[in-house]
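Spelled out, the chains give:
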Amino acid sequence: MAYLRTIAAFVVLAVVARCASAADQIAWHSEVAAAVTDAEQRELPILVYLTSSHCPYCVKMKSQTLAAAPVVSAVGEKFVALTVARGTAPELERRLNVR
């Protein structure tokens, strides 16, 4: 099941990337409350990137997919970006049903 979620996340990013233009980098929020406030003000959904430095897939996704200009642009235009290190926001992980 986790494998399917990973595939779905990559598919979503690929689709978003096709609709975007170039930019420099994603402006990541690191605090959940700040991301929620920003999302409410801008009336945008939050893209949560739950990551771990010990996860090779996470490292690859951040260095390749999330660094690609079309993805950077699309995320900046269509989402409020939130990056969370695994284990640092247990309530958020629980609400997102992270296992």
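Scroll up for the structure.
Quick notes on the rules
- Residues numbered from 1 in each chain as written.
- Predicted model: local features only at pLDDT ≥ 70, side-chain atom pairs only at ≥ 80, totals over all residues.
- Heavy atoms only, no water.
- Salt bridge = Lys/Arg side-chain N within 4 Å of Asp/Glu carboxyl O.
- Helix = DSSP H or I, 4+ residues; strand = E, 2+ residues; numbered from the N terminus.
- Buried < 20%, exposed > 50% of the residue type's maximum accessible area, 1.4 Å probe, protein only.
- Polar contact = N/O pair within 3.5 Å; in protein donor to acceptor, adjacent residues only side chain to side chain.
- Contact = heavy atoms within 4.5 Å.
- Core = buried A, V, L, I, M, F, W, Y, C linked by side-chain atoms within 4.5 Å.

Brief notes about the pattern of salt bridges
Two side chains bearing opposite charge may form a pair once their charged atoms approach each other closely. Tallied over the full model, the rule gives three salt bridges. In this structure, the salt-bridge partner of E93 is R86, at a minimum N-O distance of 2.6 Å. One salt bridge in this structure joins E91 and R94, with 2.6 Å as the shortest N-O distance. In this pair, E91 and R94 both sit in helix α5 (residues 90–95), three residues apart, roughly one turn of the helix.

Describing the side chain of E93
Looking at the element boundaries, E93 is found in helix α5. On the basis of relative accessible area, E93 is assigned to the buried category, the value being 10%. A polar atom in the side chain of E93 sits 2.6 Å from the side chain of R86. If sequence neighbours within four positions are ignored, E93 has contacts with L50, A85, R86, G87, T88 and V98.

Brief notes about the nonpolar core
Among the nonpolar cores identified, the biggest contains eleven residues, and these are I26, Y49, C55, C58, M61, L66, V71, V72, V75, F79 and A81. Listing elements by their share of this core, those giving two or more residues are α3 (56–63) and α4 (69–78). Per-element accounting of this core gives the leading share, three residues, to α4. Within the second largest apolar cluster, seven residues are counted, among which are A39, V80, L82 and A89.

Taken by themselves, the reported measurements are silent on function.
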